[in-house]
Amino acid sequence: MDSRWWPSSSWRLHFGKIFWVSVHPQFASNHLLASSSKDHNVCLWDLRTVRGPTSALECLTHDGAVYSARFSSGTGRFLASSADDGVVRVWERADTGFHMLKDTIENLSHTSAIVRPVWDPKREGMLAWGSGEGVRMWNGDDVDHPLAVAPLPFPPVVTSFHPRLDFILTGAQKGKLTMLK
């Protein structure tokens, strides 16, 4: 058997369940990783120096369990996080770490859905997520003006950009798959 597939290291990094792990697209050689957890944090780690919860490079907080933390495609300039407090936040990478770019893109606390934003693999800073009304889109270059909502009959549970073509796929709890062009 190939030993690459066996755990070579293991750490307790959060004080609650880890919901998401994302590797930075350009700093993979630097081992930059983001993890989100039930402990209300998105933590950034350098896998070369990680030893436990106190070795985090930085922790970004929400007021609830954080279900998603994803670096943007391409340069990884942005990090989107979403939590059960109903808030989607966008953080921007700077020389001194990640800084909150937009505190609340959308407050979804009135819904019971778990929101997981996704980045467009073709356009840096283009973000989409399912909301109660449909699919919302946001552009990192215009932080104060979210793009229009694509209304859907069923609230999407999952959203995905096509890696090469210009459309989005969404899936709903009722088994409905929708393609948006």
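Quick word on the overall build of the protein chain
The helix and strand inventory of the protein chain stands at zero helices and 15 strands. Put simply, the protein chain has 181 residues, and 44% of those count as buried. In the protein chain, 39% of the contacts between residues at least 6 apart in sequence involve partners at least 24 apart. Accessible surface computed for the protein chain: about 10000 Å², of which carbon and sulfur atoms make up 53%.

As for the nonpolar core
Core analysis: the biggest nonpolar cluster contains 12 residues, these being Leu32, Ala34, Val42, Leu44, Leu60, Val66, Ala69, Phe71, Leu79, Ala83, Trp91 and Phe98. Within the residue set of this core, elements represented by two or more residues are β2 (32-37), β3 (41-46), β5 (66-71) and β6 (78-83). Ranked by the residues each element gives to this core, the list is headed by β5, at three residues. Discounting chain neighbours no more than four positions away, the residues touching Trp91 are Leu60, Thr61, Arg77, Phe78, Leu79, Ser81, Phe98, His99, Met100 and Leu101. Ranked by size, the runner-up nonpolar core spans nine residues in total, among them Val90, Val115, Trp119 and Trp138.

Concerning the packing of aromatic side chains
Counted by the stated rule, this structure contains four aromatic pairs. Consider the rings of Phe78 and Trp119, whose centres lie 5.8 Å apart with planes at 15°: the pair is stacked. Of the two residues, Phe78 is situated in strand β6 and Trp119 in strand β9 (residues 118-119); the sequence distance between them amounts to 41 residues. For Phe78, a relative accessible area of 0% corresponds to the buried category. With relative accessibility at 8%, the residue Trp119 sits in the buried group. Within the aromatic cluster, the residues linked to one another by ring pairs are Phe78, Trp119 and Trp138.

Some details on the sheet that holds strand β15 (residues 177-180)
The antiparallel open sheet is built from three strands, whose spatial order is β13-β14-β15. Sheet topology places β13 (156-161) and β15 at the edges, where each strand pairs with a single neighbour. Across this sheet, the average inter-strand angle for adjacent strands is 20°, counted without regard to direction.

Reading the values: rules and limits
Residues numbered from 1 in each chain as written. Predicted model: local features only at pLDDT ≥ 70, side-chain atom pairs only at ≥ 80, totals over all residues. Heavy atoms only, no water. Helix = DSSP H or I, 4+ residues; strand = E, 2+ residues; numbered from the N terminus. Buried < 20%, exposed > 50% of the residue type's maximum accessible area, 1.4 Å probe, protein only. Contact = heavy atoms within 4.5 Å. Areas by Shrake-Rupley, 256 points an atom, 1.4 Å probe, with all protein chains shown as cover. Core = buried A, V, L, I, M, F, W, Y, C linked by side-chain atoms within 4.5 Å. Phe/Tyr/Trp six-rings, centres within 6.5 Å; stacked < 30°, edge-to-face > 60°. Pairing = 2+ DSSP bridges. Axes fitted to C-alpha atoms, helices over the stretch in contact; angles between N-to-C directions.

As far as function goes, none of this settles anything; it's purely spatial.
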